[in-house]
Amino acid sequence: MPSLAEEICIGNLGSLQTLPDSFTWKLTAADSVLPPSSAVSSGTVEESIPVIDLSDPDVTTLIGNACKTWGAFQIANHGISQKLLDDIESLSKTLFDMPSERKLEAASSDKGVSGYGEPRISPFFEKKMWSEGFTIADASYRNHFISLWPHDHTKYCGIMEEYVDEMEKLASKLVSCILGSLGVTVEDIGWAHKLEKSGSKVGRGAIRLNHYPVCPEPERAMGLAAHTDSTILTILHQSNTGGLQVFREESGWITVEPVPGVLVVNMGDLFHILSNGKIPSVVHRAKVNHTRSRISIAYLWGGPAGEVQIAPISKLIGPVEPSLYRSITWKEYLQIKYEVFDKALDAIRVINPTN
């Protein structure tokens, strides 16, 4: 957990006129971004992660191609109302507009996840990130909301409950579709099928509200450093200010410009494992802006609770394509990620699959 001084600093970033040294990143040529108008090697097609209409008859094929090519895609006609997206964005803005001292009253504890604070990947980087966030991972967020909104907490808790419920349904629908693109179903994931039949949740969801304040020197700052999500998948709503960037080996960093009503889906490490590496977890980051602040709301759909073993789906492996990863629990994977960060998938990779 960040120190009190650090938390006050992240709560007041938008008021700073100069970039402190602790927030100044040394960016190299490799960190440059492909402009939205830049074309791929053919010289005819612009680079952009695809926008897929979920009502398209070929949606399974389209999503499958996007997942294998990018590890990410955007979705339209997803069934989430614009009012709910506006409400969750308004909730986030209201929260982050509060005085720093008020936000600190809802700070996450040393042992807890829910609450206000820095990005959880901060300890892996020497420099600080130009952002603040609020995580909702369990019912304890209700107490934080009571502290933040003594008179309106019922309203804001209602918005959050509806958003989590709708995102959970959408995530389940997307997973079924992505599995279908690989020629398998949820029934082919033994533990997931058992959980569904028993009425239990296949994965555990969390919400991360992110705020990237106006920055005096955005070209030297970083809103959220490059990483992959540890999840099955992540569904992101971003405000009308751009900042999200995804990395593609052939092209480098590419900005994902916001499209009204469209959500971004990033594939996470757990789906990378389930697919035996066929669907990559996408490396992404967030840059900041000199004139406009940015809000994003991430729904992170993680793994199952308990001692459930997660491994490549049996139908996707065989003599020709042996299992690339050993079985692992969600809790164990999070611990490995916390220790080695971007080397977590390598840490559980089977060195010699033929043995």
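Residues numbered from 1 in each chain as written. Predicted model: local features only at pLDDT ≥ 70, side-chain atom pairs only at ≥ 80, totals over all residues. Heavy atoms only, no water.

(A) Region of interest: helix H9 (residues 330-340). Every buried residue of H9 is accounted for by Trp-330, Tyr-333, Ile-336 and Lys-337. Here the buried residues of H9 occupy an arc of 120° about the axis, which is enough to place them on one side. Opposite the packed face of H9, turned more than 90 degrees from it, sit the exposed residues Lys-331, Tyr-338 and Glu-339. Tucked inside the fold, the buried residues of H9 contact helix H8 (269-274) and helix H10 (344-348). (Buried < 20%, exposed > 50% of the residue type's maximum accessible area, 1.4 Å probe, protein only. Helix = DSSP H or I, 4+ residues; strand = E, 2+ residues; numbered from the N terminus. Arc of directions from axis to C-beta. Contact = heavy atoms within 4.5 Å.)

(B) Structural context of the sheet that holds strand E6 (residues 205-212). Here we have 8 strands laid out as an open sheet, ordered E2-E3-E11-E8-E13-E6-E5-E4, and mixed in their pairing. Of all the strands in the sheet, just strand E2 (51-53) and strand E4 (115-117) have a single pairing partner and so form its edges. Pairwise comparison of adjacent strand axes, ignoring direction, gives a mean angle of 25° for this sheet. Alignment of E6 against strand E13 (residues 294-301), held across 8 bridges, turns out to be antiparallel. Across the sheet, His-211 pairs through a bridge with Ile-295, a residue of E13. (Pairing = 2+ DSSP bridges. Axes fitted to C-alpha atoms, helices over the stretch in contact; angles between N-to-C directions.)

(C) Representation of the environment of Asn-266. Here Asn-266 is to be found in strand E11 (residues 263-267). A relative accessible area of 2% places Asn-266 in the buried class. For Asn-266 and His-284, which are 18 residues apart along the polypeptide, the C-alpha to C-alpha distance reads 8.6 Å. What Asn-266 contacts, discounting residues up to four positions off in sequence, is Gly-71, Ala-72, Asp-229, Leu-233, Thr-234, Val-282 and His-284.

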